[in-house]
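Here is how the chains run, residue by residue.
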Amino acid sequence: MTAPNPAPVIDLIEAFRRSKTMFAAVALGVFDHLERGPASVASLAADLGAQQQSIERLLDACVGLGFLRKNEGRYVNEPVASAYLCRSGDRSLTGYILYSNDVLFPMWAHLEDAVREGSHRWRQTFALDGPIFNHFFKTDEAMRTFLMGMHGFGVLSSPKVVTAFDLSPFRRMTDLGGATGHLAIAACERYPDMRAAVFDLPRVIELARELVSRSQAAGRIEMIGGDFFTDNLPESDLFAVGRILHDWSAEKIGALLAKIFARLPVGGGLLIAEKLLAEDKSGPTPAHLQSLNMLVCTEGTERTLSEYRTLLEAAGFRDVQGRFTGAPLDAVLAIKK
């Protein structure tokens, strides 16, 4: 009998090497440096404080990965690197890459123990207890790095999320845990009669204000500092939660949904932006991997639309609909009847 093709296995043996190559190049500032212009190995080694032969291996690997090109011994960013791998880009994913390098990569090394014990790996990896988001925001720099990483994904996802359903009947949306305001920006830019609020911790609101100010819809977006678990929620006929529910246990989600439901008027809605699993949980693979990430990092998990419907209906919501968007996040809309 002919042996199966080993390519999928070999690909995954090497997959972490590709990721770490990109992580290292971003962390060392390779793409930021080259965004200022082409450079030789010698000049990059000197400017980045690296050994010349070693960084040449890294640069050539980045050429092979499609991030750089080499012309007469000088390296240049490809457009994909300029767009997503430079800290200064509006669509930059470097925040999440640095978070992945510094936090997720070491935590995922303990995936087997997470599976055996069913709990996150913060103590095992970093000797840290307590709410994990306290560790994300331990310093202003760490907070900004994490939030800008979320912003990069938000720029890719939020325009698709706000067009997954017709939100034009709603007049005021509050994005709970709205981070940099990408969902509020997308909603207000898509729906000219909508006003929005970004509701997040006061330290986060400072960064949100900076990024929202760049939008043509900034005049219709309010900044509100607060904790959605403990503080009163602002008056709104549409609340949104993006990449929030997958962090928490069903019990905490239930309490938050009940709080949102009580604050909404009849006919009001809740928009959820999360990665949806297929009903039989056969895919998609990005949702599987994100669910494992939640196991390693949080109390939560990714869910199917039916699982979200069960949670939402228990809180009183009805008419729960879901849409796969093709973006990093999908969309669920539920209505208070």
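Before any of the text, the structure's been laid out above.
Described below are features of the structure shown in this document. (Residues numbered from 1 in each chain as written. Predicted model: local features only at pLDDT ≥ 70, side-chain atom pairs only at ≥ 80, totals over all residues. Heavy atoms only, no water.)

## Here's the deal with the state of the cysteines
Moving on, step 1. Applying the stated criterion across every chain yields a total of 0 disulfides.
Moving on, step 2. In this structure Cys 62 is not part of a disulfide, and its nearest cysteine sulfur, from Cys 86, lies 12 Å away. (Disulfide = S-S within 2.5 Å.)

## A look at the nonpolar core
Moving on, step 1. Core analysis: the biggest nonpolar cluster contains 31 residues, and Leu 167, Met 173, Met 194, Ile 221, Leu 238 and Leu 271 have the highest contact counts within it.
Moving on, step 2. Where this core is concerned, the elements lending two or more residues are helix H11 (182-190), strand S5 (195-200), helix H12 (202-212), strand S6 (221-225), strand S7 (238-242), strand S8 (269-274) and strand S12 (330-335).
Moving on, step 3. With 6 residues, H11 is the single largest residue contributor to this core.
Moving on, step 4. Contact partners of Met 194, with chain neighbours within four places excluded, come to Leu 167, Phe 170, Arg 171, Met 173, Ala 187, Cys 188, Arg 220 and Leu 238.
Moving on, step 5. Membership of the second largest hydrophobic core comes to 29 residues, among which are Ile 260, Phe 261, Phe 317 and Val 332. (Core = buried A, V, L, I, M, F, W, Y, C linked by side-chain atoms within 4.5 Å. Buried < 20%, exposed > 50% of the residue type's maximum accessible area, 1.4 Å probe, protein only. Helix = DSSP H or I, 4+ residues; strand = E, 2+ residues; numbered from the N terminus. Contact = heavy atoms within 4.5 Å.)

## Concerning the pairing of S5
Residues in a regular strand point their side chains to alternate faces of the sheet.
Moving on, step 1. Burial of S5 is extensive: 5 of the 6 residues sit out of reach of the surface.
Moving on, step 2. Handedness of the crossover joining strand S4 (residues 172-176) and S5 through H11 is recorded here as right-handed.
Moving on, step 3. As paired strands, S5 and S6 are joined by 5 bridges and run parallel to one another. Among the inter-strand pairings, Phe 199 is bridged to a residue of S6, identified as Ile 224.
Moving on, step 4. In this fold, S5 hands off to H12, which returns the chain to S6; that crossover is right-handed. (Right-handed = clockwise from strand over helix to strand, strands pointing away. Pairing = 2+ DSSP bridges.)

## Some thoughts on the sheet that holds S6
Moving on, step 1. If you walk across this open sheet you meet the 7 strands as S6-S5-S4-S7-S8-S12-S11, and the pairing is mixed. Only two strands of the sheet have a single neighbouring strand rather than two, namely S6 and strand S11 (318-323). If you compare each strand with its neighbour and ignore which way they point, the axes differ by 20 degrees on average.
Moving on, step 2. Sheet topology note: the S8/S12 ladder contains 6 bridges and is antiparallel. In the strand pairing of S12, Leu 270 is matched with Ala 334.
Moving on, step 3. The sheet strands contacting helix H15 (residues 305-314) are S8, S11 and S12, and the helix crosses S11 at an angle near 155 degrees. (Axes fitted to C-alpha atoms, helices over the stretch in contact; angles between N-to-C directions.)

## Examining a nonpolar patch on the surface
Moving on, step 1. Among the surface-exposed residues, Val 9, Ile 10 and Ile 13 lie close enough to one another that they form a single nonpolar patch of about 270 Å² accessible area.
Moving on, step 2. Mapped onto the elements of the fold, Ile 10 is located in helix H1 (residues 7-28).
Moving on, step 3. Note on Ile 10: relative accessible area 43%, which makes it partly exposed. (Patch = residues over 30% accessible without salt bridge, like charges linked within 9 Å, V, L, I, M, F, W, Y side chains within 5 Å. Areas by Shrake-Rupley, 256 points an atom, 1.4 Å probe, with all protein chains shown as cover. Salt bridge = Lys/Arg side-chain N within 4 Å of Asp/Glu carboxyl O.)

## A word on helix H4 (residues 52-64)
Moving on, step 1. With 13 residues, H4 should cover 18 Å at 1.5 Å per step; its first-to-last C-alpha distance of 18 Å lies within 8% of that length.
Moving on, step 2. Close packing links the buried residues of H4 with H1, helix H2 (30-34), helix H3 (41-48), strand S2 (68-71) and strand S3 (74-77).
Moving on, step 3. Where H4 begins, the capping side chain belongs to Gln 51, and its oxygen is found 3.0 Å from the backbone nitrogen of Gln 53.
Moving on, step 4. Following H4 by one or two positions, Gly 66 has its phi on the positive side, about 90 degrees. (Expected span 1.5 Å × (residues − 1). Polar contact = N/O pair within 3.5 Å; in protein donor to acceptor, adjacent residues only side chain to side chain.)

## Some remarks on unusual backbone geometry
Moving on, step 1. With an omega dihedral of -10 degrees, the bond running from Gly 283 to Pro 284 counts as a cis peptide bond.
Moving on, step 2. Mapping Pro 284 onto the fold places it in the loop between strand S9 (276-277) and helix H14 (285-297).
Moving on, step 3. A positive phi angle, near 55 degrees, is found at Glu 72, a position not held by glycine.
Moving on, step 4. Along the chain, Glu 72 falls in the loop between S2 and S3.
Moving on, step 5. Despite not being glycine, Asp 319 shows a phi value in the positive range, around 50 degrees.

## As for the sheet that holds S2
Moving on, step 1. Sheet architecture is open: 3 strands sit in the order S1-S3-S2, paired in antiparallel fashion. The sheet terminates laterally at strand S1 (39-40) and S2, the two strands that pair on one side only.
Moving on, step 2. Pairing between S2 and S3: 4 bridges, direction antiparallel. Looking at the pairing, Lys 70 lines up with Tyr 75 of S3.
Moving on, step 3. Seen against the sheet, H4 touches S2 and S3 and runs at an angle of roughly 110 degrees to S2.

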